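Coordinate analysis (summary)
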Amino acid sequence: MKILLHMCCGPCSCYPLKKLRSDGHEIKGYFFNPNIHPYKEFKQRFETALEFAEKVNMPLEVDKNYDLRSFLQRALTAEKREETLTEKPRCRMCYAWRLHQAAIYAKENGFDAFTSTLFVSPYQLHNVMKDVAEKIAKAVGIEFYYEDFRTGWDEGVEICQELELYRQPYCGCIFSEEERYSNRWKKQHKKKMKKLRESM
Ligand code: SF4
């Protein structure tokens with residue numbers, strides 16, 4: 001199959017690419033991630049994606065458009081909706097935007113299917129992403145190639161170390177940067193979750 005591999009970053013691409021190639025698929029990478037902030041981090045990640053593609057000899061399309069304002073508008077609108085214990089509405093929006101763009105690119109450029117390196121991460125909302133991708137595939141009219149790449153997470157980390165790729169310390173958006181580093185945010189979040197659980 002000719003598959004478009006949406007890449008969230010270089011490190012997360014290591015295992016999915018290896019697995020897809022070993023299963024006989026023809027792969028092109030596609031970097032579209034307007035969720036990554038600030039700009040220096042965004043630049044570092046697409047440069048790492050380019051470095052990875054060169055090292056593994058994979059064709060890659062990079063969208064270098066840094067769409068900070070659109071992302072923030074969409075994220076804040078999503079966050080206004082009620083947050084549940086199992087899902088962050090901001091992340092659903094973020095997956096949907098990126099996967100939708102990948103599906104359209106795949107459809108317009110003659111691919112058989114699309115998938116994403118996001119499916120390797122144990123830190124993402126895997127079932128939410130799967131649900132989003134399936135709906136997008138139906139709407140756009142292209143196959144979504146599903147595989148749970150999480151089984152290869154450790155192998156991917158090893159490949160990433162061998163290739164000496166930059167590994168990012170947080171998911172991508174400015175909110176995830178806060179969640180990663182702010183102790184105040186962590187305390188507030190813990191309280192909020194406790195309250196939510198008690199009210200259920
Ligand atoms: S935490 Fe990650 S998946 Fe969620 S909105 Fe931010 S960048 Fe997107």
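- The name given to the chain in an unreviewed UniProt entry is Epoxyqueuosine reductase QueH, with Pectinatus brassicae as the source organism.
- Of the chain, the UniProt comment under Function (unreviewed entry) reads exactly: "Catalyzes the conversion of epoxyqueuosine (oQ) to queuosine (Q), which is a hypermodified base found in the wobble positions of tRNA(Asp), tRNA(Asn), tRNA(His) and tRNA(Tyr)."
- We quote the UniProt Pathway (unreviewed entry) comment for the chain here in full: "tRNA modification; tRNA-queuosine biosynthesis."

1. As for the overall build of the chain
- The secondary structure content of the chain amounts to eight helices and five strands.
- Each principal axis of the C-alpha atoms in the chain carries an extent, and together these give about 50 × 40 × 35 Å.
- Long-range contacts, defined here as pairs at least 24 residues apart, represent 75% of the contacts in the chain between residues at least 6 apart.
- Carbon and sulfur atoms form 49% of the exposed surface of the chain, whose accessible area is close to 10800 Å².
- Between the centroid of the 34 positive side chains of the chain and the centroid of its 29 negative side chains there is a distance of 8 Å.

2. Section: the UniProt feature "binding site: [4Fe-4S] cluster" (unreviewed entry) in the chain
- In the numbering used here, UniProt assigns the feature "binding site: [4Fe-4S] cluster" (unreviewed entry) to Cys-8, Cys-9, Cys-91 and Cys-94.
- Relative to the helices and strands, Cys-8 resides in the loop between β1 (2-6) and α1 (14-22).
- Looking at Cys-8, the relative accessible area reads 9%, which means it is buried.
- Dropping the residues within four chain positions of it, Cys-8 is found in contact with Phe-31, Asn-33, Ile-36, Arg-98, Thr-117 and Leu-118.
- Discounting chain neighbours no more than four positions away, the residues touching Cys-9 are Phe-31, Thr-117 and Gln-168.

3. Some details on the pattern of salt bridges
- Under the definition given, this model contains 14 salt bridges.
- Where Lys-28 meets Glu-61, a salt bridge forms, and the shortest distance between an N and an O atom there is 3.9 Å. Of this pair, Lys-28 sits in strand β2 (residues 26-31) while Glu-61 sits in strand β3 (residues 60-62); the two residues are 33 residues apart in sequence, bridging distant segments of the chain.
- For Glu-61, a relative accessible area of 32% puts it in the partly exposed group.

4. Overview of the sheet that holds strand β4 (residues 113-116)
- Taken together, five strands build an open sheet; the order of strands is β3-β2-β1-β4-β5 and the sheet is parallel. With partners counted over all chains shown, the strands left at the sheet margins are β3 and β5 (143-144), one partner each.
- Bridging between β4 and β5 involves two bridges; their strand directions are parallel. Bridging across to β5, Ala-113 finds its partner in Glu-143.

5. Remarks on the environment of Glu-26
- Along the polypeptide, Glu-26 turns up in strand β2.
- Not counting residues up to four positions away in its chain, the partners in contact with Glu-26 are Met-1, Lys-2 and Ile-3.

6. A word on the pairing of β4
- The alternating pattern of β4 places Ala-113 and Thr-115 and Phe-114 and Ser-116 on opposite faces, both of which are buried.
- The pairing of β1 with β4 spans four bridges and is classified as parallel. Looking at β4, one finds that Leu-5 is bridged to Thr-115.
- Crossover β4 to β5 through helix α5 (residues 126-140) is right-handed.

7. Thoughts on the packing of aromatic side chains
- All told, the structure shown has 17 aromatic pairs when counted by the stated rule.
- A centroid spacing of 6.1 Å and a plane angle of 45° characterise the contact between Tyr-39 and Phe-42, whose relative ring orientation is tilted. Of this pair, Tyr-39 and Phe-42 both sit in helix α2 (residues 39-56), three residues apart, roughly one helical turn.
- Given a relative accessible area of 38%, Tyr-39 falls into the partly exposed group.
- The exposure class assigned to Phe-42 is buried, which follows from its relative accessible area of 0%.
- Note on Tyr-170 and Tyr-181: the rings are 6.5 Å apart at their centroids and 75° apart in plane angle, and the pair reads as edge-to-face. Of the two residues, Tyr-170 is situated in the loop between α6 (153-163) and α7 (174-181) and Tyr-181 in helix α7; the sequence distance between them amounts to 11 residues.
- Within the aromatic cluster, the residues linked to one another by ring pairs are Tyr-30, Phe-32, Trp-97, Tyr-105 and Phe-111.
- Positioned above the aromatic ring of Phe-111, the side-chain terminus of Lys-2 is 4.8 Å from the ring centre.
- The ring of Tyr-170 carries the charged tip of Arg-45 above its face, separated from the ring centre by 5.3 Å.

Scoring rules and cut-offs
Residues numbered from 1 in each chain as written. Predicted model: local features only at pLDDT ≥ 70, side-chain atom pairs only at ≥ 80, totals over all residues. Heavy atoms only, no water. UniProt positions renumbered as here; feature names shortened; annotations may be inferred. Helix = DSSP H or I, 4+ residues; strand = E, 2+ residues; numbered from the N terminus. Contact = heavy atoms within 4.5 Å. Areas by Shrake-Rupley, 256 points an atom, 1.4 Å probe, with all protein chains shown as cover. Lys, Arg positive; Asp, Glu negative; His and termini not counted. Charge placed at Lys NZ, Arg CZ, Asp CG, Glu CD. Buried < 20%, exposed > 50% of the residue type's maximum accessible area, 1.4 Å probe, protein only. Salt bridge = Lys/Arg side-chain N within 4 Å of Asp/Glu carboxyl O. Pairing = 2+ DSSP bridges. Right-handed = clockwise from strand over helix to strand, strands pointing away. Phe/Tyr/Trp six-rings, centres within 6.5 Å; stacked < 30°, edge-to-face > 60°. Lys NZ or Arg CZ within 6 Å of the ring centre and 35° of its normal.

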